[in-house]
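These are the residues of each chain, in order.
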Amino acid sequence: MKIYLYRKRIKGESTDGVLIDQRGNRICDTAENTLTMLPEGKYRLELKKYKKGNYRAAFATPIDANGEKQQGWRGSGFIIHGNGVYGRGLGSNIIVGDYLVPGVVTHSAKHFTRLIKRLEKAEKRKTEVEIDVKVLRC
């Protein structure tokens, strides 16, 4: 399964984007802290326990062109639920929801739960999930 994150607006501390599935359907909007966001590239998503909560989240691990895990990367990239990007200690997190204003999303828990259920189905089918992170350049 493949998911695309298209970053549409980067300004100041906030980066806003959209998650799209492999069929081109919009999954939800995203918000990231510009200072800590994941670099452009391909990542494998795996469900893991999130460090700051008692729930599972999607952890992003960089992969190369062949789909192999890149060695030596020690970052933390999680897809999580939340309201905004202004918490400094969160690391490289992608917050999902509906766009409200730059750097802020609403209905985050709803979209997060839907996305995690989708990833759990893929996990049960033993299907790897990739996310391709790109900046739209206008």
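As the structure is a prediction and not an experimental result, all values here were calculated from the model. (Residues numbered from 1 in each chain as written. Predicted model: local features only at pLDDT ≥ 70, side-chain atom pairs only at ≥ 80, totals over all residues. Heavy atoms only, no water.)

K.L.:
Can you explain the overall build of the chain? Please cite residues and give values.
P.N.:
Across its full length, the chain carries 1 helix and 9 strands. Across the chain, helices and strands are ordered from the amino to the carboxyl terminus as β-β-β-β-β-β-β-β-α-β. Relative to all contacts within the chain whose residues are 6 or more apart in sequence, the contacts with residues 24 or more apart total 49%. In the form shown here, the chain has an accessible surface area of approximately 7,700 Å², with 51% of it arising from carbon and sulfur atoms. (Helix = DSSP H or I, 4+ residues; strand = E, 2+ residues; numbered from the N terminus. Contact = heavy atoms within 4.5 Å. Areas by Shrake-Rupley, 256 points an atom, 1.4 Å probe, with all protein chains shown as cover.)

K.L.:
For the environment of threonine 34, give the residues involved together with the corresponding values.
P.N.:
By the secondary structure assignment, threonine 34 is in the loop between strand S3 (26-33) and strand S4 (41-49). Along the sequence, threonine 34 and serine 92 sit 58 residues apart, while their C-alpha atoms lie 9.1 Å from each other. When sequence neighbours within four positions are dropped, the list of residues in contact with threonine 34 reads Ile10, Gly12, Glu13, Ser14 and Thr15. Side-chain polar atoms of threonine 34 contact the backbone oxygen of serine 14, separated by 3.2 Å. (Polar contact = N/O pair within 3.5 Å; in protein donor to acceptor, adjacent residues only side chain to side chain.)

K.L.:
Give a detailed account of the pattern of salt bridges, specifying residues and quantitative values.
P.N.:
Following the criterion strictly, the structure yields 9 salt bridges and no others. As a salt-bridge pair, arginine 9 and aspartate 16 come within 2.6 Å of each other at their nearest N and O atoms. Arginine 118 is the partner of aspartate 21 in a salt bridge, and the nearest nitrogen-oxygen pair spans 3.0 Å. Remark: arginine 118 occurs in helix H1 (residues 108-124) and aspartate 21 occurs in strand S2 (residues 14-21); sequence separation between them is 97 residues. Judged by relative accessible area, which is 7%, aspartate 21 ranks as buried. Taken together, the shared-partner salt bridges in this structure form one network comprising Arg26, Asp29 and Asp98. (Salt bridge = Lys/Arg side-chain N within 4 Å of Asp/Glu carboxyl O. Buried < 20%, exposed > 50% of the residue type's maximum accessible area, 1.4 Å probe, protein only.)

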